[in-house]
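Commentary on secondary and tertiary structure
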Amino acid sequence: DTAVSQTPKYLVTQMGNDKSIKCEQNLGHDTMYWYKQDSKKFLKIMFSYNNKELIINETVPNRFSPKSPDKAHLNLHINSLELGDSAVYFCASSRLGTSPDTQYFGPGTRLTVL
Amino acid sequence: DQQVKQNSPSLSVQEGRISILNCDYTNSMFDYFLWYKKYPAEGPTFLISISSIKDKNEDGRFTVFLNKSAKHLSLHIVPSQPGDSAVYFCAASVDQTGANNLFFGTGTRLTVIP
């Protein structure tokens, strides 16, 4: 009964490839997020989706595209992978309008680009 | 530009003693501050929060103190237990249309020595 799940947990791929990371939440939340944790352990938001609408896009390269088929899923597609994309990617979800915005995180996907 | 900073990457404390984790921020518009706890290979989990209009919030062994004039907050854990050993992230939120954006510090690794 995992609240926020991500697949795969580990992803190793070559430069230039296209890959996707899937995220699902069963909490009934209406907002989902993608975060990137880089080698310096800095956790930074990439995207958030509310009711299938993009709300935040923090200067992320357009090679990254979030796709939300429904409120319970927010997948991350990455085109033309680069070495600098190697990081741990976390999905999260929350209920809009709650204060504070308590976000629930998935276990992370460690992406390694060779 | 990092708006939330945790200047101590690590902290070691004896079991039963107090652990104090510190966090500084720069944005006076933050309305909530949160602490997340992270174990290896897992996503961050919410621990405790405080509103910007308060100066203290307590939950069991965990207390968060906020000093708005100094733009500083701290998490106190007393008594510390070996199971508290984890990375602790300070985060701050600012209300934006449609979602609350969380800004994270780089984390402090707490080790509680039995």
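To keep things clear, this report deals only with the structure shown in the data block. (Residues numbered from 1 in each chain as written. Chains lettered and ligands numbered in written order. Predicted model: local features only at pLDDT ≥ 70, side-chain atom pairs only at ≥ 80, totals over all residues. Heavy atoms only, no water.)

Let us look at the overall build of chain A. Of regular secondary structure, chain A possesses 0 helices and 11 strands. Moving toward the C terminus, one meets the helices and strands of chain A in the order β-β-β-β-β-β-β-β-β-β-β. For chain A, the C-alpha radius of gyration of 13 Å lies close to 13 Å, the compact-globule estimate for 114 residues. Taking the principal axes of the C-alpha coordinates as reference, chain A spans close to 40 × 30 × 30 Å. Within chain A, buried positions represent 46% of all 114 residues. Within chain A, contacts between residues at least 6 apart in sequence are counted, and of these 54% link residues at least 24 apart. Accessible area for chain A stands at about 5500 Å²; split by element, carbon and sulfur atoms hold 49% of it. A distance of 5 Å separates the average location of the 13 positive side-chain charges in chain A from that of its 11 negative side-chain charges. (Helix = DSSP H or I, 4+ residues; strand = E, 2+ residues; numbered from the N terminus. Rg over C-alpha atoms; globule rule 2.2 N^0.38 Å. Buried < 20%, exposed > 50% of the residue type's maximum accessible area, 1.4 Å probe, protein only. Contact = heavy atoms within 4.5 Å. Areas by Shrake-Rupley, 256 points an atom, 1.4 Å probe, with all protein chains shown as cover. Lys, Arg positive; Asp, Glu negative; His and termini not counted. Charge placed at Lys NZ, Arg CZ, Asp CG, Glu CD.)

Our next topic: the interface of chain B and chain A. Taken together, the contact pairs 21 residues of chain B with 26 residues of chain A. Interface area for chain B against chain A, summed over the two sides, is near 1800 Å², with a carbon-plus-sulfur share of 63%. Between chain B and chain A we count 0 salt bridges in total. Put simply, chain B and chain A have 3 residue pairs in polar contact (both at pLDDT 80 or more) between them. Of all the elements in the fold, those that place two or more residues in the side of chain B that touches chain A are β4 (32-38), β5 (45-51), β9 (86-96) and β10 (99-104) of chain B. Among the elements that take part in the side of chain B that touches chain A, β10 of chain B stands out by supplying 5 residues, more than any other. (Buried area = accessible area lost by both parts, 1.4 Å probe. Salt bridge = Lys/Arg side-chain N within 4 Å of Asp/Glu carboxyl O. Polar contact = N/O pair within 3.5 Å; in protein donor to acceptor, adjacent residues only side chain to side chain.)

Before going further, it helps to examine a nonpolar patch on the surface. Taken together, the side chains of Ile18, Ile20 and Val78 of chain B define a hydrophobic patch exposed on the protein surface, amounting to about 230 Å² of accessible area. Looking at where Val78 of chain B falls in the secondary structure, it is placed in the loop between β8 (72-77) and β9. (Patch = residues over 30% accessible without salt bridge, like charges linked within 9 Å, V, L, I, M, F, W, Y side chains within 5 Å.)

Another point: the pairing of strand β4 (residues 31-37) of chain A. Side chains on a regular strand alternate between the two faces of the sheet. Residue and element names in this part refer to chain A. Burial of β4 is extensive: 6 of the 7 residues sit out of reach of the surface. Summarising the sheet, β4 and strand β5 (residues 43-50) pair through 7 bridges and their orientation is antiparallel. Each residue of the ladder has a partner; that of Tyr35, found in β5, is Ile45. Remark: 5 residues form the turn of the hairpin made by β4 and β5, two consecutive strands paired antiparallel; Lys41 in that turn has positive phi of roughly 70°. (Pairing = 2+ DSSP bridges.)

This part takes up the sheet that holds strand β1 (residues 4-5) of chain B. Residue and element names in this part refer to chain B. Taken together, the 5 strands give an open sheet; going across it, the order is β1-β3-β8-β7-β6, and neighbouring strands pair in antiparallel fashion. In this open sheet, the two edge strands, each paired with only one partner strand, are β1 and β6 (56-59). Taken together, the 6 bridges between strand β3 (residues 19-25) and β8 define a ladder with antiparallel strand orientation. Looking at β8, one finds that Cys23 is bridged to Leu73.

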